[in-house]
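# Residue-level structure breakdown
Chain residues, written in single-letter form:
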Amino acid sequence: MASFIIKSAHLRCVARTGRLISEHRTRKTLCSDRSYATEVDNRVPKIYTKTGDKGFSSTFTGERRPKEDHIFEALGNTDELSSAIGLAREFCLDKGHTFTDQLDKIQCILQDVGSNIATPRSSARESHIKKTKFTAQPITDLETWIDNFTKELSPLTNFILPSGGKSSAALHLARTVCRRAERSVAPVVRSGEADPDVAKFLNRLSDYLFTVARYAAMKEGNAEKIYKRPQ
């Protein structure tokens with residue numbers, strides 16, 4: 001669970017908002033260690049806060065919204081996406097794939113995606129926006145990785161089904177979760193509550209996960225299952 005070094009009044013918001021809030025960091029830092037400590041209190045807080053027992057939760061800006069709000073729907077799907085990528089990463093590690101560092105970075109970037117989503121512009125102050133701004137650089141990184149993998153893959157001439165071994169199948173599953181996350185983020189971005197590059201990143205991430213799933217199958221020597229119309 002990520003957290004900020006912030007005033008204790010906001011600590012509960014950080015702990016509960018989809019567990020995705022993270023202090024805006026430079027792109028040179030990858031998942032740096034963060035502390036739960038505030039400036040005046042070094043005690044570790046309890047995992048439960050009870051503030052959401054009545055069906056409401058807080059955004060990073062301190063605004064209380066019902067848990068079914070589109071902001072929290074998008075946060076939950078993004079959190080699930082990170083978990084799906086984490087599971088796929090474990091299978092990839094077992095097979096010795098060299099792209100697992102990219103999956104690490106993507107999971108960290110998804111923390112930043114969550115931070116941006118959890119800071120609706122309608123209630124954000126300039127300090128909030130500055131901390132959670134999302135830039136286009138991760139999109140460029142994904143495009144570079146996709147292009148590099150594609151150079152090694154055979155051309156795609158048929159529809160393929162999620163297959164190709166555990167690593168590949170898990171990455172395909174993450175891809176479908178990514179598509180759902182993208183669908184839930186789209187209205188948040190369209191309403192002006194989140195940065196447009198957040199939606200672009202998720203769109204490109206699904207392409208990356210599809211490509212790297214095929215790459216994993218190729219590296220492991222596993223055949224991809226081709227779609228055939230049932231007889």
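Residues numbered from 1 in each chain as written. Predicted model: local features only at pLDDT ≥ 70, side-chain atom pairs only at ≥ 80, totals over all residues. Heavy atoms only, no water.

What counts is decided by this rule: UniProt positions are given in the numbering used here, feature names are shortened, and annotations may be inferred rather than shown by experiment.
Per an unreviewed UniProt entry, the protein carries the name Corrinoid adenosyltransferase MMAB and comes from Seriola lalandi dorsalis. The Catalytic activity (unreviewed entry) comment attached to the protein in UniProt states, word for word, "cob(I)alamin-[corrinoid adenosyltransferase] + ATP = apo-[corrinoid adenosyltransferase] + adenosylcob(III)alamin + triphosphate". Looking at the protein in UniProt, the text filed under Sequence similarities (unreviewed entry) is "Belongs to the Cob(I)alamin adenosyltransferase family."

## Brief notes about the packing of aromatic side chains
How two aromatic rings sit relative to each other is set out by the distance from centre to centre and by the angle between their planes. Stated formally: Each Phe, Tyr or Trp ring (for Trp, its six-membered ring) is paired with any other whose centre lies within 6.5 Å, and the angle between the two planes then decides the class: stacked below 30 degrees, edge-to-face above 60, tilted in between. Starting at the N terminus, helices and strands are each numbered in turn, a helix being any DSSP run of H or I of at least four residues and a strand any DSSP run of E of at least two. Accessible area is worked out with a 1.4 Å probe on protein chains only. A residue is then buried under 20% of its type maximum, exposed over 50%, and partly exposed in between.
This structure, assessed with the given rule, holds six aromatic pairs. Relative to Phe149, the ring of Phe99 has its centre 6.1 Å away and its plane inclined at 85 degrees; by these criteria the two rings are edge-to-face. Of this pair, Phe99 sits in the loop between α2 (70-94) and α3 (100-117) while Phe149 sits in helix α5 (residues 137-152), placing them 50 residues apart in sequence. The residues Phe99 and Phe149 share a single accessibility class, namely buried. Considering the side-chain rings of Phe99 and Tyr215, the 6.1 Å spacing of their centres and the 70 degrees angle between planes classify their relative orientation as edge-to-face. Taken together, the residues span a long stretch of sequence, with Phe99 in the loop between α2 and α3 and Tyr215 in helix α7 (residues 196-220) at a distance of 116 residues. Judged on exposure class, the residue Phe99 and its partner Tyr215 are both buried. Following the ring pairs from residue to residue traces out a cluster consisting of Phe99, Trp145, Phe149, Tyr208 and Tyr215.

## Concerning the pattern of salt bridges
Defined as follows: Counted as salt bridges are all cases of a side-chain nitrogen of Lys or Arg within 4 Å of a carboxyl oxygen of Asp or Glu.
Counting across every chain of the model gives 14 salt bridges. Between Arg89 and Asp104 there is a salt bridge, with its nearest N and O atoms 2.4 Å apart. Here Arg89, found in helix α2, pairs with Asp104, found in helix α3; they are 15 residues apart in sequence, far enough to count as distant. You can call Arg89 buried: its relative accessible area is 18%. A salt bridge links Lys219 to Glu152; its shortest N-O distance comes to 4.0 Å.

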